[in-house]
Amino acid sequence: LELEEDLKGEYWNADDLDPVLEDELEAEQLMFFPAEPKSLFEACGACRDWPQNRGIFFDQEKSVVCWINGEDHLKTTILQRDANVAAAFRKFCRLNSAFEAG
């Protein structure tokens with residue numbers, strides 16, 4: 001996957017995540033967790049084999065965050081630190097184009 005420089009980052013497997021990084025992501029509300037017991041997600045089997053086959057990608061600034069196989073196959077979040085919604089949408093479109101290009 002070819003990403004533009006400002007979109008480049010790191011992918012972490014959820015089962016190999018460094019505990020310090022996990023705490024940092026949790027404090028920044030960027031971490032995902034297994035579903036609560038007796039929830040709909042657990043009942044339908046969405047939490048099987050947790051945390052295997054799950055991960056998180058984020059860019060250097062943590063303004064692009066992608067959760068892989070959390071509750072969805074892919075959940076993408078673009079965090080814009082100011083009120084510039086158009087800039088956030090442009091960043092999302094560039095990321096989406098990179099996904100489509102493969």
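See above for the structure.
To start, this report covers the structure provided alongside it. (Residues numbered from 1 in each chain as written. Predicted model: local features only at pLDDT ≥ 70, side-chain atom pairs only at ≥ 80, totals over all residues. Heavy atoms only, no water.)

## Looking at the pairing of strand S2 (residues 55–59)
Extensive coverage of S2 is indicated by the burial of five of its five residues. Covered by surrounding structure in S2 are Gly 55, Phe 57 and Asp 59 together with Ile 56 and Phe 58, the residues of both alternating faces. Summarising the sheet, strand S1 (residues 9–13) and S2 pair through five bridges and their orientation is antiparallel. Note that in S2 the partner of Tyr 11 across the bridge is Phe 57. Sheet analysis places S2 next to strand S3 (residues 64–68), joined by four bridges and oriented antiparallel. Residue pairing for S3: Phe 58 is matched across the bridge by Val 65. Linkage of S2 to S3, two consecutive antiparallel strands, is achieved through a turn of four residues, within which Lys 62 is found at a positive phi near 55°. (Buried < 20%, exposed > 50% of the residue type's maximum accessible area, 1.4 Å probe, protein only. Helix = DSSP H or I, 4+ residues; strand = E, 2+ residues; numbered from the N terminus. Pairing = 2+ DSSP bridges.)

## Observations regarding the packing of aromatic side chains
Note on aromatic pairs: each is described by the distance of the centres and the angle between the planes. Overall, the coordinates contain zero aromatic pairs when judged by the stated rule. Sitting over the face of the ring of Phe 58, Lys 62 holds its NZ or CZ atom 5.5 Å from the ring centroid. (Phe/Tyr/Trp six-rings, centres within 6.5 Å; stacked < 30°, edge-to-face > 60°. Lys NZ or Arg CZ within 6 Å of the ring centre and 35° of its normal.)

## Details of the environment of Gln 29
Considering the arrangement of structural elements, one finds Gln 29 in the loop between helix H1 (19–27) and helix H2 (40–43). Residue classification places Gln 29 among the exposed residues on the basis of a relative accessible area of 69%. Put simply, Gln 29 and Arg 48 are 19 residues apart on the chain and 23 Å apart in space, counted from C-alpha to C-alpha.

## Focus on the nonpolar core
Leu 17, Leu 21, Leu 25, Leu 30, Met 31, Phe 32, Ile 56, Phe 58, Val 65 and Trp 67 form the largest nonpolar core, which has ten residues in total. Secondary structure elements with two or more residues in this core: H1, S2 and S3. Those residues in contact with Trp 67 that lie beyond four places of it in its chain are Leu 30, Met 31, Phe 32, Gly 55, Ile 56, His 73, Leu 74, Lys 75 and Thr 77. One finds Phe 57, Cys 66, Ile 78 and Leu 95 within the second-largest nonpolar core, a separate group that totals nine residues. (Core = buried A, V, L, I, M, F, W, Y, C linked by side-chain atoms within 4.5 Å. Contact = heavy atoms within 4.5 Å.)

## Concerning the sheet that holds S3
Strand order in the open sheet made by the four strands is S1-S2-S3-S4, with antiparallel pairing throughout. Each edge of the open sheet is held by one strand with a lone partner, namely S1 and strand S4 (74–78). In this sheet, adjacent strand axes meet at a mean angle of 15° when their direction is disregarded. Along the sheet, helix H3 (residues 85–101) makes contact with S2, S3 and S4, crossing S4 at roughly 145°. (Axes fitted to C-alpha atoms, helices over the stretch in contact; angles between N-to-C directions.)

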